[in-house]
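# Structure assessment
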Amino acid sequence: MQDKRFQIANREALIGVALVIINFAIWFGCAYGLGSGDPTEYQYILGFPTWFFFSCIAGSIFMIILIWFTMKVFFKDVPFEDWEGDQ
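Right, let's walk through the structure included here. (Residues numbered from 1 in each chain as written. Predicted model: local features only at pLDDT ≥ 70, side-chain atom pairs only at ≥ 80, totals over all residues. Heavy atoms only, no water.)

## Some points on a nonpolar patch on the surface
On the surface, F24, W27, F28 and Y32 cluster together into a nonpolar patch covering about 440 Å² of accessible area. Within the secondary structure, F28 is located in helix α1 (residues 4-34). (Patch = residues over 30% accessible without salt bridge, like charges linked within 9 Å, V, L, I, M, F, W, Y side chains within 5 Å. Areas by Shrake-Rupley, 256 points an atom, 1.4 Å probe, with all protein chains shown as cover. Salt bridge = Lys/Arg side-chain N within 4 Å of Asp/Glu carboxyl O. Helix = DSSP H or I, 4+ residues; strand = E, 2+ residues; numbered from the N terminus.)

Listed below in structure tokens is the structure:
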């Protein structure tokens, strides 16, 4: 039987990969979706082009909050010592 720590680590690694995919999708969608037009027609938010603001600034803030939430809800502290449970 596989150690439960490895099962937890595998699950948390998959969650990490999902977070990376979400981050890339947000960045790519905003950067190339909003930034594909003529630069002379860009709209600006706080002095930044809209595509840059949403892909780099707002996207980073969103990902920080999402990662914090994921860490609090889905991740567990796992001891390095052998578990005394069933192995």
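## A closer look at helix α2 (residues 50-74)
At G59, α2 shows its maximal kink, close to 40 degrees. By the burial criterion, the buried members of α2 are T50, F53, S55, G59, M63 and T70. For α2, the secondary structure elements touched by its buried residues are α1, β1 (44-45) and β2 (48-49). (Bend = angle between axes of the 7 residues up to and from the residue. Buried < 20%, exposed > 50% of the residue type's maximum accessible area, 1.4 Å probe, protein only. Contact = heavy atoms within 4.5 Å.)

## Comments concerning unusual backbone geometry
Unusually for a residue other than glycine, L46 sits at a positive phi of about 55 degrees. Among the secondary structure elements, L46 is positioned in the loop between β1 and β2. The exposure class assigned to L46 is exposed, which follows from its relative accessible area of 72%.

## Describing the pattern of salt bridges
Per the stated rule, a full pass over the model turns up 1 salt bridge. We note a salt bridge from D3 to R5, for which the minimum N-O separation is 2.5 Å. For D3, a relative accessible area of 12% translates into the label buried. Classification of R5 by relative accessible area gives buried; the value is 16%.

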